[in-house]
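# Residue-level structure breakdown
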Amino acid sequence: MICSSEWENITSTLNVTDITVFNDEIYATTNGGLIIVDDNKSYQQLNFDDGIYPVDLNSIYIDSDKNIFLGSNGPIPSIQFLDGNHNNINTIYLDGISGITKIVQIIDFNDRVYAIASGPELDRLIEFRFDINNNLYYQNVINNFPIQNISSIYEINKTDDGLNLYIVTNKGVVKGEGVNSEVEWSVYSQVDLGKSFFI
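Residues numbered from 1 in each chain as written. Predicted model: local features only at pLDDT ≥ 70, side-chain atom pairs only at ≥ 80, totals over all residues. Heavy atoms only, no water.

## Side note on the pattern of salt bridges
When the charged atoms of two side chains lie near each other, side chains of opposite charge can form a pair. Defined as follows: In the sections that follow, a salt bridge refers to a side-chain nitrogen of Lys or Arg positioned within 4 Å of a carboxyl oxygen of Asp or Glu. A run of DSSP states H or I qualifies as a helix once it reaches four residues; a run of E qualifies as a strand once it reaches two. Both are numbered from the N-terminal end.
Scanning all chains against the criterion turns up five salt bridges. The closest approach of N and O atoms between Asp108 and Lys158, which form a salt bridge, is 2.8 Å. Here Asp108 is found in strand S9 (residues 102-109), whereas its partner Lys158 is found in strand S13 (residues 153-158), with 50 residues between them in sequence. If you follow the salt bridges from partner to partner, you end up with Arg112, Glu127, Arg129 and Glu182 in one network.

## What to know about the nonpolar core
Burial of nonpolar side chains together is a common tendency in soluble globular proteins. How we decide: By nonpolar core we mean a set of buried residues, namely Ala, Val, Leu, Ile, Met, Phe, Trp, Tyr and Cys, connected to one another through side-chain atoms within 4.5 Å. Relative accessibility thresholds used throughout: buried, under 20% of the residue-type maximum; exposed, over 50%; partly exposed, between the two (1.4 Å probe, protein chains only). Contacts were defined at the residue level, with two residues in contact if any of their heavy atoms lie within 4.5 Å.
In this structure, Tyr114, Leu125, Phe128 and Trp185 are the most contacted members of the largest nonpolar core, which totals 33 residues. At five residues, the largest contribution of residues to this core is made by strand S10 (residues 112-118). Among all residues touching Trp185, those that are not within four sequence positions of it are Tyr114, Leu125, Ile142, Asn144, Phe145, Pro146, Leu165, Ile167, Val174, Lys175 and Gly176. With 13 residues, the next largest nonpolar core counts Tyr27, Leu34, Ile36 and Val55 among its residues.

## A look at the sheet that holds strand S3 (residues 33-37)
To be explicit about the condition: Whether two strands pair comes down to DSSP finding at least two bridges between them. Simply put, an axis is a line fit to the C-alpha atoms, just over the touching stretch for a helix, and the angle between two N-to-C directions goes from 0 to 180 degrees.
With respect to topology, four strands assemble into an open sheet ordered S1-S2-S3-S4, the strand pairing being antiparallel. Every other strand in the sheet has two partners, leaving strand S1 (16-22) and strand S4 (43-46) as the edge strands with one partner each. On average, adjacent strands in this sheet sit at an angle of 20 degrees to one another, irrespective of strand direction. Pairing analysis gives four bridges linking S3 to S4, with the strands arranged antiparallel. Looking across to S4, one finds that Leu34 is bridged to Leu46.

## Considerations on a nonpolar patch on the surface
As a reminder of what qualifies: Each patch groups residues whose relative accessible area exceeds 30% and which form no salt bridge, using 9 Å between like charges and 5 Å between nonpolar side chains of Val, Leu, Ile, Met, Phe, Trp and Tyr. Exposure was quantified through the Shrake-Rupley algorithm and a 1.4 Å probe, taking into account, for residues, occlusion by the shown protein chains and nothing else.
A surface patch of nonpolar side chains, about 360 Å² in accessible area, is lined by Val16, Ile19, Val21 and Ile26. When residues in the nonpolar patch are grouped by element, the largest group, three residues, is from S1. Structurally, Ile19 is set in strand S1. The class for Ile19 is exposed, based on a relative accessible area of 54%.

The structure is reproduced here in structure tokens:
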């Protein structure tokens, strides 16, 4: 009989949920943590033992400073904020927002972070900001779009110059423009373009 006072956490990374490439490294979120493969095909898996919790991940975004944002699946969706050395800075649990089950996309814009939170009946755009210690915190759910009755948010993306943000919804496309420290929203299109806007 083998007895040990320490337990090891073993998670499955078979189901890849999102993938991105940054500086010749491939980052993949899975239902069992984060996988990183470099250009030498060196493989690294980050999970609970490495400070990744929850490990049931659904989305990833890496900003220009190599900070990593990981969106998770429910029952309580969250965003984890890691530095460029893969150290967990902080995790924001979104248990106070009813009706969401996962974070499907994350992007930074105008010194803020935006995430699409999806639920069975309604998607929401959530805004996060950084405090003076560079910790990420929940700011609010964006409800002041110039288009009403949005139930599905398909995708969010920004222009290459970083000046405009586009949110593709079931009621059309909303454009966000950074004006000083705020974001002004306007109607770009009132046609449901589905998921084909950025193709």
